[in-house]
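Summary of structural features
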Amino acid sequence: MATIADKERGSLARNTQSTSTSKKVLKAMSLFGSLQVIQILCSVIRTKLVAIWIGAEGVGLFGLYNGAIEMLSSATQLGIRTTAVRDIASASASRIALIIAVVRRWGWWLGMLGAVVTIALAIPLSQWTFGDDSHSWGFVLLSIVMLSTSITAAEQTVMQGLDQLKRLAQASLWGSLVAFLAVIPIYYFLRADGIVLGFVLYAVVTLIVFFAYRSRGVTALQRYSDKAKIDNKEAWREGMGFVRLGVLMTVSLFAAQLAAYAFIAYLNTYADTATVGYYNAGYTLFNRYVGLIFTAMAMEFYPRLARVQHSPRRTSLFVSHELGLICWILLAVVTWFIVLAQPMVRLLYSSEFLVIVPFITWAIVGVTLRASSWCMAFTILARGDGKVYLVTEVTSAAIGLALNILGYHLWGLVGLAASYIAWYGAYTLITWVVYRLRYGMSLDARVATLTFLTLIVTAGAAALMTLDLWPAALALAILVTTTSALRLRRAI
């Protein structure tokens with residue numbers, strides 16, 4: 001009897017922990033999902049105002065400078081925003097204050113590196129971008145952006161690593177809103193001359209807001225970390241772990257961006273610029289917008305996984321739990337996306353873009369495979385296994401490029417949907433091999449079944465819409481949404 005009672009208590013404890021985790025995951029997803037929607041709206045309105053007040057020239061300048069900032073940030077930030085979260089989340093109580101101080105020190109160092117690189121390349125960047133050196137002072141001013149965003153990224157990393165997600169979301173929200181309101185008068189009064197100043201003001205205001213939230217409700221740990229006495233040599237030595245991993249992540253990101261660029265160049269040569277536009281529009285809809293779900297969940301999932309990285313059993317439980325929740329959410333989201341694909345394209349683009357509807361209808365089915373590979377891939381990052389991460393990502397980029405070229409060559413835009421599904425099928429297999437053979441972990445059988453079921457149901461919805469059976473697809477969407485809602489409600 002005692003053994004049975006112990007088992008019942010153990011089962012109750014696991015269910016209670018699972019319920020608590022489910023609540024936390026869904027709360028984080030709701031919090032950061034809403035935040036990303038607001039940030040996207042601010043970005044859209046900001047671009048719209050530039051287009052109205054400055055015209056096509058302003059939009060062009062905005063895009064060129066923004067592209068330069070993203071490129072320079074990727075090259076000089078060394079992935080600290082992601083890798084250092086792991087070090088903070090997994091640090092022991094006696095070392096966590098020291099790690100926070102190290103991360104903040106590296107935020108300054110990498111920011112200064114970005115600023116120096118931007119100033120040094122100001123004239124070449126102006127010549128490469130505009131054909132002369134007339135905009136070199138604009139790039140010099142962008143060095144302030146590089147420094148500010150790096151320091152802000154360090155503060156974001158600390159908040160995420162300490163699991164202060166509510167504070168991180170509030171700081172990000174108010175930073176975006178206040179910075180957005182601050183740059184509007186700059187664009188209105190200075191027009192084209194205010195584009196660079198707008199970038200600078202946006203970055204500085206965001207940094208100020210984060211510093212304000214850093215000092216609000218400060219914990220004893222944060223007070224200690226603010227006063228932690230470390231010299232540059234110690235900060236360098238302690239930070240090299242996440243910097244090495246960050247370098248490998250940067251190379252991985254570059255490989256992915258290079259593969260994406262190579263395919264766009266192929267598409268522009270083999271087809272035409274309009275086809276590139278259709279592909280980019282469709283890819284943004286099903287990959288980036290739906291991908292907001294993954295980004296929102298990662299804010300809580302990644303540091304939680306990093307804390308249990310040394311326990312294969314707990315890591316496996318967390319990965320299976322996360323994938324299960326994502327599948328229930330995707331069942332509803334993807335099915336409704338498929339049903340509403342045509343009106344969504346009309347709303348966000350125009351009737352000219354309706355040619356992408358078959359493409360996005362089938363491609364989004366592959367998002368389920370992206371979810372499964374995403375959950376397992378985070379295990380590699382949580383363990384700090386940088387070389388394995390580099391190999392998996394570079395291999396994935398090469399496979400994706402080859403499949404995209406083959407898919408378009410055989411079936412056009414619809415072929416790109418098939419290649420997307422096949423690509424993430426291959427990536428899921430790659431991450432599973434690492435997950436199973438290198439780390440000795442496995443997915444829960446019920447979660448694996450749910451993943452397969454999600455794939456089948458969403459593919460069924462795509463088939464119904466392809467056959468113009470809209471009422472049947474609508475009925476399926478309602479049924480799936482009801483089932484998912486009941487299951488998620490039961491989970492929490």
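In this text, all values refer to a predicted model and were calculated from it rather than measured experimentally. (Residues numbered from 1 in each chain as written. Predicted model: local features only at pLDDT ≥ 70, side-chain atom pairs only at ≥ 80, totals over all residues. Heavy atoms only, no water.)

**A few points about the confidence of the model for the protein**
Defined as follows: Values of pLDDT, the confidence the predictor places in each residue, fall between 0 and 100. Contacts are assigned to residue pairs with any non-hydrogen atoms lying within 4.5 Å of each other.
When pLDDT is averaged along the protein, the result is 88, and 94% of the positions lie at 70 or above. Ignoring residues within four places in sequence, the model shows residues 4-13, a span with pLDDT below 50, making 0 contacts including any to other chains.

**Digging into the nonpolar core**
Worth spelling out the cut-off: Only buried residues count toward a nonpolar core, which is a set of Ala, Val, Leu, Ile, Met, Phe, Trp, Tyr and Cys residues joined through side-chain atoms within 4.5 Å. Burial classes follow relative accessibility: with a 1.4 Å probe on protein chains only, a residue under 20% of its type's maximum area counts as buried, one over 50% as exposed, and anything between as partly exposed. A helix here means a DSSP run of H or I that spans at least four residues, while a strand means a run of E at least two residues long, and both kinds are numbered starting from the N terminus.
Counting 119 residues, the largest nonpolar core has Phe 286, Leu 330, Phe 359, Ile 360 and Trp 374 as its most contacted members. The element contributing the most residues to this core is helix α13 (residues 312-339), with 13 residues. Setting aside residues no more than four positions away along its own chain, Phe 286 makes contact with Phe 337, Phe 359, Ile 360, Ala 363, Ile 364, Val 367 and Tyr 420. Grouped together as the second largest cluster of nonpolar side chains are 21 residues, Ile 80, Ala 154, Ile 230 and Ala 235 included.

**Considering the environment of Met 465**
Relative to the helices and strands, Met 465 resides in helix α18 (residues 445-466). Residues Met 465 and Val 339 lie 126 residues apart in sequence; the distance between their C-alpha atoms is 6.9 Å. When sequence neighbours within four positions are dropped, the list of residues in contact with Met 465 reads Ile 338, Val 339, Thr 361, Trp 470 and Ala 473.

**A look at the pattern of salt bridges**
This is how it is decided: When a carboxyl oxygen of Asp or Glu lies within 4 Å of a side-chain nitrogen of Lys or Arg, that pair is called a salt bridge.
Inspection of the entire model under this criterion finds 9 salt bridges. When the shortest N-O distance is used, the salt bridge between Glu 238 and Arg 95 registers 2.8 Å. Of this pair, Glu 238 sits in helix α10 (residues 232-270) while Arg 95 is found in the loop between α3 (80-90) and α4 (96-120), placing the two residues 143 residues apart along the sequence. The exposure class of Arg 95 is partly exposed, given its relative accessible area of 34%. For Glu 155, the salt bridge goes to Arg 214, with nearest N and O atoms at 2.9 Å. One end of the pair, Glu 155, is in helix α6 (residues 136-161); the other, Arg 214, is in helix α8 (residues 195-215), with 59 residues separating them in the sequence. Given the relative accessible area of 2%, Glu 155 is considered buried.

**Focus on unusual backbone geometry**
Leaving glycine out, the prevailing phi sign among residues is negative, and the prevailing peptide bond configuration is trans. Phi angles above zero are rare outside glycine, and Leu 78 is one such case at about 55°. Structurally, the position occupied by Leu 78 is in the loop between α2 (56-76) and α3. Despite not being glycine, Arg 191 shows a phi value in the positive range, around 55°. Along the chain, Arg 191 falls in the loop between α7 (165-190) and α8.

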